Amino acid sequence: MLGPYPANLNDAEILRTLLQDPNGLCKLLKENDIMVLDRGFRDVKAELELKKIRVLMPALKGKRKQLTTKESNESRYVTKIRWAVEAVHGILKQKYQLLDHKLDNKMLPKIGTYFRIASFINNQFGKRLQSDAEFSSEIIEKMRVSKDIENTLAAEAEEKGWLRKKLIFQSISSDMSNFPEMTIKDLTILFTETYQLSQAVSYLAEMIDKDGQIKVQYIKEQSDVLKLQVPSRHINRKMYRCFLKYKPNSVGISGLLQYACDCANGSRTVGCCSHVAAIVYYLAHARCLSKILKLAEIFSEIFQQNNIFKQNNHSCH
């Protein structure tokens, strides 16, 4: 547990500093060790490889519109492993709130000691992290099987010009009832984790208008292929085009034959991008629910159950 470091140093510069200390991290590293890093360390990757350290890092898109299927799948493997790092950071900040807030300058000399104490306590007494332990074997097998599968649907969409066709889209309606049905377990295995499932639920809630209608439009390129326009979560007026190939009136993961999206990670076959995840969650599961609650509605219900609205109104009189 090293640091703290000045805020004007980025991740790569900090790691480069550590590598230059012969009595520090270098004493633990051996040839052919593996470092699992995020893209923030890209500027130091070459130096690590010169030291015969294997570097696993999500692929960089650069000026390209999209990563290849192989790059997207390998990146998913890296982010799946790095989840443990992010989770531990979250646990430390949640348990020791001092580490999650701005500090007075007078405390800066001590923050490194506080962090090492918190880390020691977590290592000694904290629980081992297990991601999706209930379905872990199925998820691992799904990832292994999907790793070397090429996304032929993305290639077919490009070859047949489906992305360039200007056709009239329509709102999702009852004629989508032949889409495969999936359980929460099916979706967790398909998405390779519960986290993306929770993100899909949140993303879908943002696509539901005040009348309960989903703001996604579609057309059928073939009897078993849907082309959908899915609004971006971060960029206004940005629409992503997704393709879903499925077996009508089927049940389970096997009913979804292929999927693709024109976003940066849209050609992956290990899991799927967030746009595909949100629409698959809706078509395969959520559309059968009586109502899709938005997060704001859930909080409103909590306030109403506790009579907070009534108490506030009473205090105003």
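Remember, it's a predicted structure, so these values are computed and weren't measured experimentally.

1. Here's the deal with the overall build of the protein chain
Within the protein chain one finds eleven helices and seven strands. Within the protein chain, the proportion of its 317 residues that are buried is 36%. When contacts within the protein chain are restricted to residue pairs at least 6 apart in sequence, long-range pairs at least 24 apart make up 60% of them. As presented, the protein chain carries roughly 20,000 Å² of accessible surface, and 53% of it is formed by carbon and sulfur atoms.

2. Let's talk about the layout of surface pockets
Each pocket or cavity is described by its volume, and for the largest pocket that value is around 1,900 Å³. If you go around the largest pocket, you meet 43 residues; those closest to its centre are Met1, Leu2, Val85, His89 and Phe115. Going through the elements one at a time, α1 (11-19), β1 (34-36), α3 (69-95) and α4 (108-125) are the ones with two or more residues in the lining of the largest pocket. The element best represented in the lining of the largest pocket is α3, accounting for eleven residues. Here the lining of the largest pocket is built from residues that sort into 25 nonpolar, eight polar and ten charged. The space that makes up the second largest pocket amounts to roughly 860 Å³. When contributions to the lining of the second largest pocket are tallied by element, the ones reaching two or more residues are α3, α8 (194-206) and α9 (274-284). Of the residues in the lining of the second largest pocket, the class split is ten nonpolar, nine polar and seven charged. Each of two domains, domain 1 (11-125) and domain 2 (135-288), supplies a minimum of three residues to the lining of the second largest pocket.

3. Some details on helix α6 (residues 152-159)
Side chains that are three or four residues apart share a direction in an α-helix, a result of its 3.6 residues per turn. Listed in full, the buried residues belonging to α6 are Leu153, Glu156 and Ala157. In a view along the axis of α6, the buried residues occupy a sector of 100°, so they form one face of it. Packed against the buried residues of α6 are β4 (217-222), β6 (239-246) and β7 (256-261). Looking one or two residues beyond α6, the residue adopting positive phi is Gly161, at roughly 70°.

Cut-offs and rules
- Residues numbered from 1 in each chain as written.
- Predicted model: local features only at pLDDT ≥ 70, side-chain atom pairs only at ≥ 80, totals over all residues.
- Heavy atoms only, no water.
- Helix = DSSP H or I, 4+ residues; strand = E, 2+ residues; numbered from the N terminus.
- Buried < 20%, exposed > 50% of the residue type's maximum accessible area, 1.4 Å probe, protein only.
- Contact = heavy atoms within 4.5 Å.
- Areas by Shrake-Rupley, 256 points an atom, 1.4 Å probe, with all protein chains shown as cover.
- 1 Å grid on protein atoms, 1.4 Å probe; cavity = no way out; pocket = protein on both sides within 12 Å on 5 of 7 lines; lining within 4 Å.
- Points joined across faces, edges and corners; volume = space filled by probe spheres on them.
- Nonpolar A, V, L, I, M, F, W, Y, C, P; charged D, E, K, R; others polar.
- Domains from an automatic or database assignment.
- Arc of directions from axis to C-beta.

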